[in-house]
Amino acid sequence: MQQMFGMFNGPLKRVTLLCENRFAGAMIDRFGTGRCWCLRRRRAFYHDSEIQVSPQFFGWVAGFGTGVVVSGPPEVRAR
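Because the structure is a prediction, the values reported are computed rather than measured. In this convention, every chain numbers its residues from 1, walking through the sequence in written order. Given that this is a predicted model, residues contribute local features only at a pLDDT of at least 70 and side-chain atom pairs are listed and counted only at 80 or more, while totals for whole chains, interfaces and linings are drawn from all residues. Think of the side-chain values as coming from all heavy atoms in the structure, minus any hydrogens and water.

**Some details on the packing of aromatic side chains**
To pair, rings of Phe, Tyr and Trp, with the six-membered ring standing in for Trp, must have centres within 6.5 Å; the planes then decide the type, stacked if under 30 degrees apart, edge-to-face if over 60, and tilted in the middle. Overall, the coordinates contain four aromatic pairs when judged by the stated rule. Site record: aromatic cluster; members linked through ring pairs are Phe-23, Phe-31, Trp-60 and Phe-64.

And the structure:
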């Protein structure tokens, strides 16, 4: 269920998100604590997870404004 957003599914991809530290709680709430977190300049971190890429996923990311950015893979970032 952590891979899906809403009741919609899409192709399964390993997606990397670049997140401001203030969104750590939201990432833990959504994906749990068993994920790899790497600090970057102490103001942001990368989160890597298997996600079913769908329009609802992009809407969820957009809800964070510029605080969360899809950094990979390139085909997901381009969308």
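**Here we look at the environment of Ser-54**
Each helix is a run of H or I in the DSSP string that is no shorter than four residues. Each strand is a run of E no shorter than two, and both are numbered from the N terminus. With respect to the helices and strands, Ser-54 occurs in the loop between strand 3 (44–52) and helix 2 (55–62). Put simply, Ser-54 and Val-76 are 22 residues apart on the chain and 9.9 Å apart in space, counted from C-alpha to C-alpha.

**Notes on unusual backbone geometry**
A negative phi holds for most residues other than glycine; trans holds for most peptide bonds. Across the junction of Gly-72 and Pro-73, the peptide omega takes the value 0°, indicating a cis bond. Mapped onto the fold, Pro-73 is located in the loop between strand 4 (68–72) and helix 3 (74–78).

**Considering the pattern of salt bridges**
Criterion for a salt bridge: a side-chain nitrogen of Lys or Arg within 4 Å of a carboxyl oxygen of Asp or Glu. The full count for this structure, using the stated rule, is four salt bridges. A salt bridge links Arg-14 to Glu-50, with the shortest nitrogen-to-oxygen separation between them at 3.3 Å. On the criterion of sequence distance, the pair formed by Arg-14 in strand 1 (residues 12–20) and Glu-50 in strand 3 is long-range, its members being 36 residues apart. For every residue, the accessible area obtained with a 1.4 Å probe (protein chains only) is divided by the maximum for its type, and the residue is called buried under 20%, exposed over 50%, and partly exposed between those limits. With relative accessibility at 27%, the residue Glu-50 sits in the partly exposed group.

**Side note on helix 2**
Those residues of helix 2 lying buried are Phe-57, Phe-58 and Val-61. Down the axis of helix 2, the buried set is contained in an arc of 95°. They therefore lie on one face. In helix 2, the exposed positions that point more than 90 degrees away from the buried face belong to Pro-55 and Ala-62. Two residues form a contact once any of their heavy atoms are found within 4.5 Å. Looking at the buried residues of helix 2, the elements they touch are strand 1, strand 3, strand 4 and helix 3. When we speak of the arc, we mean the arc of directions from the helix axis to the C-beta atoms.

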